[in-house]
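The lines below spell out each chain.
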Amino acid sequence: MNGVIFDLDGVLVSTDELHYQAWVRLADELGIVGFTKKDNERQRGVSRMESLEVLLEKSDRQYTPEEKTELAERKNSYFKESLNSLTPDDLLPGVLDSLKMLKERGIRTAVGSASKNASYILERIGIEPLLDEVASGLDVTKSKPDPEIFLVAARKLNLPPEECLVVEDAAAGIEAAKRGGMLSLAVGPLYETIGGTFCARDLSRVTDWDTILSR
Ligand code: BG6
Ligand code: MG
């Protein structure tokens with residue numbers, strides 16, 4: 001393995017929870033009841049508009065495409081509001097040590113995130129200098145589980161997909177890695193169930209990087 005592609009929300013930083021809270025706020029405003037963490041699991045890794053569709057499954061009324069655009073923008077404004085208080089303290093356990101260790105070993109690293117806010121988030125948490133490349137929601141037209149985002153990231157790293165490991169917290173992301181011909185490491189609350197090649201609760205719990213990187 002010569003490269004590692006990290007998803008962002010829920011892998012490097014705890015913004016997965018902020019996405020959820022922004023959707024809950026929108027749900028409350030729309031009078032949508034019964035939108036739960038379980039529904040939110042299906043929003044992990046997928047685009048803003050697709051995440052909105054997951055929320056609207058719980059709504060009694062139909063929305064026009066124009067209304068949906070407004071709802072997605074509204075949710076994004078709530079999410080961005082919450083990003084104003086994001087700091088390096090919001091990095092998830094083991095992130096800094098893992099990025100430094102990979103750099104020391106000469107492994108190239110990238111972010112592969114569906115988020116159009118990825119650059120802003122990376123700036124706020126201050127880890128840009130530890131990453132070689134960033135591929136974000138602004139670089140792709142297809143959402144995970146399509147492998148496009150990871151293939152773009154691998155291309156930016158100048159590496160063939162099979163030399164890249166994907167680190168993901170979302171079922172859609174693990175599937176995207178598979179379709180892109182990449183091995184994966186599953187982390188986060190669903191780490192045991194989303195089918196990664198390897199899995200660990202978070203990056204601080206990865207004990208055997210040697211085995212993973214030798215694949
Ligand atoms: C992913 C999140 O990283 O980014 C999804 O897991 C989110 O929940 C997606 O919908 C798009 O993010 P944004 O910031 O462009 O709305
Ligand atoms: Mg994620």
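Residues numbered from 1 in each chain as written. Chains lettered and ligands numbered in written order. Predicted model: local features only at pLDDT ≥ 70, side-chain atom pairs only at ≥ 80, totals over all residues. Heavy atoms only, no water.

**Student:** What is the right way to look at the side chain of S115 in this model?
**Tutor:** Within the secondary structure, S115 is located in the loop between β2 (108-112) and α6 (118-125). A distance of 2.9 Å separates a polar atom in the side chain of S115 from the backbone nitrogen of N117. (Helix = DSSP H or I, 4+ residues; strand = E, 2+ residues; numbered from the N terminus. Polar contact = N/O pair within 3.5 Å; in protein donor to acceptor, adjacent residues only side chain to side chain.)

**Student:** Sorry, what's going on with the coordination of the magnesium ion (ligand 2) here?
**Tutor:** Ideal values for angles at a metal depend on the geometry: 109.5 degrees with four tetrahedral donors, 90 or 180 degrees with six octahedral donors. Binding of the magnesium ion (ligand 2) to the protein goes through D7 (OD), D9 (O) and D169 (OD), at separations of 2.0 to 2.2 Å. Between the donor residues of the magnesium ion (ligand 2), the gaps in sequence give the motif D-x1-D-x159-D. Judged by relative accessible area, D9 falls into the buried class, the value being 13%. (Donors = N, O, S within 2.8 Å, 3.2 Å for Na, K, Ca; no water. Buried < 20%, exposed > 50% of the residue type's maximum accessible area, 1.4 Å probe, protein only.)

**Student:** How do you make sense of the site of ligand 1 when you look at a structure like this?
**Tutor:** Taken together, 15 residues lie around ligand 1, and D9, R48, S115, K116 and N117 are the ones closest in. A distance of 2.8 Å is found between an oxygen atom of ligand 1 and a backbone nitrogen or oxygen belonging to V46. Interatomic distance of 2.7 Å between a side-chain N/O atom of R48 and an oxygen atom of ligand 1. Against a free-state accessible area of 400 Å², the protein chains account for coverage of 97% of ligand 1. (Near = heavy atom within 4 Å. Areas by Shrake-Rupley, 256 points an atom, 1.4 Å probe, with all protein chains shown as cover.)

**Student:** Any chance you could explain unusual backbone geometry here in plain terms?
**Tutor:** Peptide bonds are, in most cases, trans, and in most cases residues other than glycine have a negative phi. Cis geometry is adopted by the peptide bond preceding P145, which originates at K144 and carries an omega value of 15°. Take P145: it is sitting in the loop between β3 (133-135) and α7 (148-156). The phi torsion at N158 lies on the positive side, around 65°, for a residue other than glycine. For N158, the location among the structural elements is in the loop between α7 and β4 (164-168).

**Student:** Please clarify how the nonpolar core should be interpreted in this entry.
**Tutor:** The tendency in soluble globular proteins is for nonpolar side chains to be buried as a group. Counting 38 residues, the largest nonpolar core has F6, L12, L165, V167, L185, L203 and W209 as its most contacted members. For this core, the secondary-structure elements that each account for two or more residues are β1 (3-6), α1 (15-30), α4 (65-83), α5 (95-104), α6, β4 and α9 (209-213). Among the nonpolar cores identified, the runner-up in size contains 16 residues, and A135, V152, L159 and V166 belong to it. (Core = buried A, V, L, I, M, F, W, Y, C linked by side-chain atoms within 4.5 Å.)

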